[in-house]
Amino acid sequence: MADRDVFLPVPGWGKGRYNSLCSDDELLDDDNEPISSHRSSWQDYGLSTLQGSVYLPVRGRVLAPPPRDGPSPEPCTVLKIGWLDKNPTQGSLYYQRRWVKLDVDYLRYFDNDKEVYSKRIIPTAAITGVTNVGEQKFEVATANRNFLFKAESDSERNEWVAVLQNFTRGHQEGSREMTSLVPPSFLTPGSPLTPEQQGYLELRGLRSKLYTVVSGDKVFLYKNMEDYRLGIGITSIDMNVGNVKVTDRRSFDLTTPYRIFSFLADSEQHKEQWVEAMRDAIGEALSNSEVANQIWAEPSNGCCADCGAAKPEWAAINLCVVVCKRCAGEHRGLGPSISKVRSLKMDRKVWTEELIQALCINVQCSDVLETLCLVFCGADVNCSTGQTDCPSPLSLALAHNQKLQAQFLSHNLNSELPHSEVTGDMEPQHYSPQHPVIHNGFLFKTASMVRPITERKAREEFSRRWCMLNDGNFSYYESDKTSTPNGALKSTEIVCLSVNTPERHGYDHTFELYSDSERLYLFGTDDQDSHKEWVKSITKMFIPSNAEALLRLSFERIGRLKYKDGLNLQSPRVGWFALVGSSLHAYLEDSEEEEEIHLRKLQELCEYAHAHTHTYTLILFSTLYIEGERKLDFQGWCVGIQKAAGSAGDSLSQQQLTEADIPVIVDRCIDYITQCGLTSEGIYRKSGGNSRVAALCEAFRRDARNVRLKEEEHQVDDVSNTLKRFFRESGEGLFTKQAASAWLSTPEESKKISQYQLLLSRLPKVNKATLRALVNHLYCVQRFAELNQMNLHNLAIVFGPTLFQSDGKDFTAGRVVEELIEHYTDVFEVDEQQLKRQLDEITVIIKASGSAGDFICTVYLEEKKETAEQHVKIPGSMTAAELTCEILDRRKIQVREKDYWSCWEVSQKEETERPLHHLERVLPILHSLGTDSHLLVKKNLAMEAILVYLASKVDVSKHGMVKFREERSILGLGLNTGSFHDRYFILNTVSLRMYKEVRSNRSEREWQVKNLRVYLGIKKKLRPPTCWGLTVIYKSEKQEKPEKQQW
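Residues numbered from 1 in each chain as written. Predicted model: local features only at pLDDT ≥ 70, side-chain atom pairs only at ≥ 80, totals over all residues. Heavy atoms only, no water.

Chemist: Mind showing me how you'd approach the nonpolar core here?
Modeler: Most often, soluble globular proteins have nonpolar side chains that are buried together. Core analysis: the biggest nonpolar cluster contains 63 residues, and Tyr684, Trp743, Leu771, Phe799 and Leu820 have the highest contact counts within it. No other element matches the 10 residues that helix H18 (residues 765–783) contributes to this core. When residues no more than four places from it in sequence are discounted, the contact partners of Trp743 are Phe735, Tyr756, Leu759, Leu760, Leu763, Leu771, Phe804, Val816 and Leu820. Listed in part, the 28 residues of the second largest apolar core include Phe462, Cys496, Leu579 and Trp637. (Core = buried A, V, L, I, M, F, W, Y, C linked by side-chain atoms within 4.5 Å. Buried < 20%, exposed > 50% of the residue type's maximum accessible area, 1.4 Å probe, protein only. Helix = DSSP H or I, 4+ residues; strand = E, 2+ residues; numbered from the N terminus. Contact = heavy atoms within 4.5 Å.)

Structure representation (structure tokens):
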């Protein structure tokens, strides 16, 4: 199939000279040569068909490349070069003249022999065959496409075919003699480039975008993602001759001596990412990492000597320390007489082999001062001399009987030189270097594994090994007499350490090490003190200094993981985590303080795998995602966290808890009975089905977080008996065994309330919160005793023995419960208005269920019309997220990626709307809705922009000028007045303050953020000055009528 010429002329551009990416007679090559039967493999990637043709415009052509002092890329071996005719495009009878070049990496063709950037690059590794197809023609076949060329004669055609066939045959047979002197290509079949940045960019003047890839020190251009997957590109740009310059909000130029590429990104944030990636590629192209890698091979050089930043790329050669880029600037400020700063990657003239050779020569004489100068100028004391009998400078000095030299070298093998740190007040402070972690001794080790250890390892499966921890390496030997280790782990290779429970394996105390190469190492000992010392030493070796506080914890598992938080869900960052009991301690990136996550309080915990990226994610809650790239260690994290997040015993504090420190089982049962059982006669007195109650208790004990009580599935008496059984079987009891006798003692009538308050304050936090929630619930139950026949006395008879775990013969327990319910507002210091609102809500629920059987609400999908109506039964515990999922499930709507569905409160009268928070309960909202308001489920189109904004925002505060209007009544007639005025607002996490102007020192008004309800939109009748408006309602607990403002 042939191409068809399509020209996309750019307005205002005259006839000009086009570069090698396009020509006057051809668009950017579509290469619509015959496509093989392997076309179906494109669908394996889930990709669409090829995009339309593109026509690349000229952009700032540079006529002559200027000389450059920087490094130039080593040219690849050219196997064949010359003119060939490429097959004609569709509708054309003429072949296109192309300059074709074959080297060990690519077959490229250009417009002419002067061009630098090709029209097409075909990886030689992707060529599957070369055949003659007629007079002077030959065909180059790849797995997905065929390319047809025509030579000037049969002899020349035969030369091309012979060279290509020999080369491809070498590939197929695995022989690489022709390419042994050349570094391997980045591009190989079935293995695309390893990109630092990839995606579509618009090249200025084009109608379609190009798929651009930044990889290593090159930028590759492709027509689309399909071509990138297939490896068939347009051209590659060597970044050693490139320069990146930002030209506009979304655009930037990549300038080379031969051409200027003007790119346009989708957003300003994407532009910054592309510019940073290309500048990193330039740095990579201009740098020489050989010296840096040699220096970083020494573990003590792996971080900045001043601030601890990883992979420092600068060094003070006279102080013999490595520093990061920021600290290098501080060193330069001290002057060259104090600190001589050089780059490890670009100042190649400093880091020469002569420096190492000079050291090796000098240690053979007695000039210690010269050796000292060489060491302080950057010579490696541990370098190789190249002699088998004297492999190091130390052995060389001993061989020449230079004892003083040998003594100096031995003392500096692992030394860190002291220096002065300059603080903010410019006062020098002495720097105390950290002592290297050194430890050795015998441990028992099993063979390394690639799977988790699920079975018990017997003592016979362990082998005794001499283990050493030194210079950031953990090595194990056959015995303490052996000099060659059986194996070793660098500190950078260890990603996790797990401490097993005692006696889990044949040896009493064991620990597991996980490496980044997906290997697991099990070590054990019978000595508890030795075990603790090894765990502490190994952990100290691989945990960074900013997370050293984790070492003080009695952790079960510690290591590094990637994570995403609520403000940065785009790219994962590295954090250090330690699992301690039911808590997860973390040092997150850019965080100086330790964060503690109480796992039993998690409201969401799930695990899923990404098939396309081979990563695994554990969602702790909606704002924290923990990711693992290695399944082996991450699987251990998942098991450990899920176990820690579950119930661990019978006491209240060992249960899964809510944010209010109430056991989830208590919270769920109380909610269900409040919604469905307050009118049930004899509630808590009647017995439920024993088997059903036992099954429900077991489900809560197994994972209370995932138990959902539903009216159509669970009976009221079963739930009430489940709650009673939980309190009766709880380990320490609600009042605790130690304090139970004090609660049961009879206080004086005048001191009764204060005595109960004193005992309440002495209860553990979870017990106190649970007792408050239960008594509040029982108070509400007895307020509706005319319906359920459960008054104060009846409830006390049932719950007295249950809560005190007694046999029921002593009526004192019932008296205590009765008095706590009777004096609930005084003992627990309850807000009367808040309690009244709670009882009013319960009354509404009872009336609704009594009149219609269930509380039914009409919810609309996307718009208010009859065909979009959905009638939903709303329980008291239903949240906005649950209602949204219910509606979408009913209509069988699949939620795609980046679809953000929400439940909205819409007021037609006020012409406003607001999205409900996903945890906001729906029932109270329904009670407050007027006749002109309704609930609507629709997509939140602004959510993507909100997430991007939050991810880029460091400070959560907001300030600025806003037009403001407040509603107020004229003479109590209910007529609203007031116009919009300019006011200056400052918003933070606690309050919203209003000032008359920017320079005002005192605020006119201040509102608590927690009492604000924000709606989108303003009633048109109020004539807002702009179409972007908010209606804000403020209501505090002390106010009877809310305030309303328009912004």
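Back to the text.
Chemist: Mind showing me how you'd approach the sheet that holds strand E11 (residues 235–238) here?
Modeler: Across a sheet, paired strands are connected by hydrogen bonds in the backbone, their directions being either parallel or antiparallel. Overall, antiparallel pairing links the seven strands, which are arranged E11-E10-E9-E8-E14-E13-E12 in an open sheet. Two strands close off the open sheet at either side, each with one partner strand: E11 and strand E12 (243–246). Geometrically, the sheet is characterised by an average inter-axis angle of 35° between neighbouring strands, direction not taken into account. Pairing of strand E13 (residues 251–255) with strand E14 (residues 260–264) involves five bridges; the strand directions are antiparallel. Bridging from a neighbouring strand, Leu254 pairs with Phe261 of E14. Running at roughly 160° to E12, helix H4 (residues 268–286) makes contact with strand E8 (197–203), strand E9 (210–215), strand E10 (218–222), E12, E13 and E14 of the sheet. (Pairing = 2+ DSSP bridges. Axes fitted to C-alpha atoms, helices over the stretch in contact; angles between N-to-C directions.)

Chemist: Can you help me understand helix H17 (residues 752–762) in this one?
Modeler: In an α-helix there are 3.6 residues to a turn, and that puts residues three or four apart on one side. Looking at H17, one finds that the buried residues are Lys752, Tyr756, Leu759 and Leu760. Buried residues of H17, seen end-on, are gathered within an arc of 105° and therefore sit on one face of the element. Among the structural elements, helix H16 (740–744), H18, helix H21 (812–822) and helix H22 (824–827) are those in contact with the buried residues of H17. (Arc of directions from axis to C-beta.)

Chemist: How do you make sense of the pairing of strand E43 (residues 991–995) when you look at a structure like this?
Modeler: Every other side chain in a regular strand lies on the same face of the sheet, so the side chains alternate between the two faces. Along E43, four of the five residues are buried, which leaves the element largely enclosed by surrounding structure. Taken together, the four bridges between strand E42 (residues 981–987) and E43 define a ladder with antiparallel strand orientation. Bridge pairing links Leu987 to Leu992 in E43. Where E42 hands over to E43, the hairpin turn is made up of three residues, counted between the paired strands.

Chemist: Help me understand the side chain of Thr142, please; the structure alone is not making it clear to me.
Modeler: Turning to its location among the elements, Thr142 is positioned in strand E6 (residues 137–142). For Thr142, a relative accessible area of 7% translates into the label buried. When neighbours within four sequence positions are excluded, Thr142 is seen to be in contact with Ile122, Ala126, Ile127, Thr128 and Phe147.

Chemist: Sorry if this is basic, but what is going on with unusual backbone geometry here?
Modeler: Where the residue is not glycine, phi is negative for most of them; where a peptide bond is considered, it is trans in most cases. Residues other than glycine seldom take positive phi values, yet Gln136 does so here, at roughly 60°. With respect to the helices and strands, Gln136 occurs in the loop between strand E5 (127–134) and E6. Under the relative-accessibility criterion, Gln136 is labelled buried at 19%. You will see that Arg1023, though not glycine, has its phi angle at about 55°, which is positive. Relative to the elements of secondary structure, Arg1023 occurs in the loop between strand E45 (1012–1016) and strand E46 (1030–1034). Exposure remark for Arg1023: the relative accessible area of 73% places this residue in the exposed category.

Chemist: Is there a simple way to explain the sheet that holds strand E3 (residues 106–110) in this structure?
Modeler: The sheet built from seven strands is open, its strands ordered E4-E3-E2-E1-E7-E6-E5 with antiparallel pairing. Only two strands of the sheet have a single partner each, and these edge strands are strand E4 (120–123) and E5. Ignoring which end each strand starts from, the neighbouring axes of this sheet average 30° apart. Bridge count for strand E1 (residues 78–86) against strand E2 (residues 96–103) is eight bridges, and the pairing is antiparallel. Looking at E2, one finds that Gly82 is bridged to Val100.

Chemist: Can you help me understand the confidence of the model for the protein in this one?
Modeler: Detailed reading of the predicted model is not advised wherever pLDDT is low. Overall, the prediction assigns the protein a mean pLDDT of 77, with 76% of residues at 70 or greater. Predicted confidence for residues 1–27 stays below pLDDT 50, and this span has 90 contacts to residues more than four positions away or in other chains. This stretch, residues 175–192, has a pLDDT under 50; its non-local contacts, to residues over four places away or in other chains, come to 27 contacts. (pLDDT = per-residue confidence, 0-100.)

Chemist: What am I meant to see in the pairing of E6 here?
Modeler: E6 sits mainly inside the fold: five of its six residues count as buried. Across six bridges, E5 lies against E6 in antiparallel orientation. Among the inter-strand pairings, Asn132 is bridged to a residue of E6, identified as Phe138. In this antiparallel pair of consecutive strands, E5 and E6, the connection spans two residues, and Gln136 shows a positive phi of 60°. Where E6 lies against strand E7 (residues 146–150), five bridges are found, and the strand directions are antiparallel. Residue Phe138 lies in a different strand from E7, and its bridge partner there is Phe149. Counting the residues that bridge the hairpin from E6 to E7 gives three residues.

Chemist: I'm lost on the packing of helix H14 (residues 690–703) against helix H15 (residues 716–729) in this one. Help?
Modeler: Packed helix pairs are characterised by how far apart their axes lie and by the angle those axes make with each other. The interhelical angle for the contact between H14 and H15, taken along N-to-C directions, is 60°, at an axis separation of 9 Å. Between H14 and H15, the angle falls in the class oblique. The two elements H14 and H15 meet at a crossing, and its hand is right-handed. Across the interface between the two elements, Asn690, Arg692, Val693, Ala694, Leu696, Cys697, Phe700 and Arg701 from H14 touch Asp718, Val719, Asn721, Thr722, Arg725 and Glu729 from H15. (Parallel < 35°, antiparallel > 145°, perpendicular 65-115°, else oblique. Left-handed = near helix turned anticlockwise from the far one by under 90°.)

Chemist: So what exactly am I meant to see when it comes to the pattern of salt bridges here?
Modeler: Any two side chains of opposite charge can pair, given that their charged atoms come close. With the rule as written, the count across this model stands at 39 salt bridges. One salt bridge in this structure joins Asp718 and Arg692, with 2.6 Å as the shortest N-O distance. One end of the pair, Asp718, is in helix H15; the other, Arg692, is in helix H14, with 26 residues separating them in the sequence. The class for Asp718 is buried, based on a relative accessible area of 4%. A residue is classified by how much of its surface remains accessible, and Arg692, at 42% relative accessible area, is partly exposed. We note a salt bridge from Arg708 to Glu882, for which the minimum N-O separation is 3.9 Å. Here Arg708 is found in the loop between H14 and H15, whereas its partner Glu882 is found in helix H24 (residues 880–890), with 174 residues between them in sequence. Accessibility expressed as a relative area gives 40% for Arg708, which makes it partly exposed. We classify Glu882 as partly exposed; its relative accessible area is 33%. Linked by salt bridges that have partners in common, Glu698, Arg701, Arg702 and Glu729 make up one network. (Salt bridge = Lys/Arg side-chain N within 4 Å of Asp/Glu carboxyl O.)

Chemist: I tried to follow the state of the cysteines on my own but got confused; where do I start?
Modeler: By definition, a disulfide links two cysteine residues through a covalent bond between their sulfur atoms. All told, the structure shown has zero disulfides when counted by the stated rule. Free of any disulfide, Cys307 has its nearest neighbouring cysteine sulfur in Cys324, separated by 3.5 Å. (Disulfide = S-S within 2.5 Å.)

Chemist: Got a minute to help me understand the side chain of Arg630 in this structure?
Modeler: For Arg630, the location among the structural elements is in the loop between strand E33 (624–628) and helix H12 (631–644). Judged by relative accessible area, Arg630 falls into the buried class, the value being 14%.

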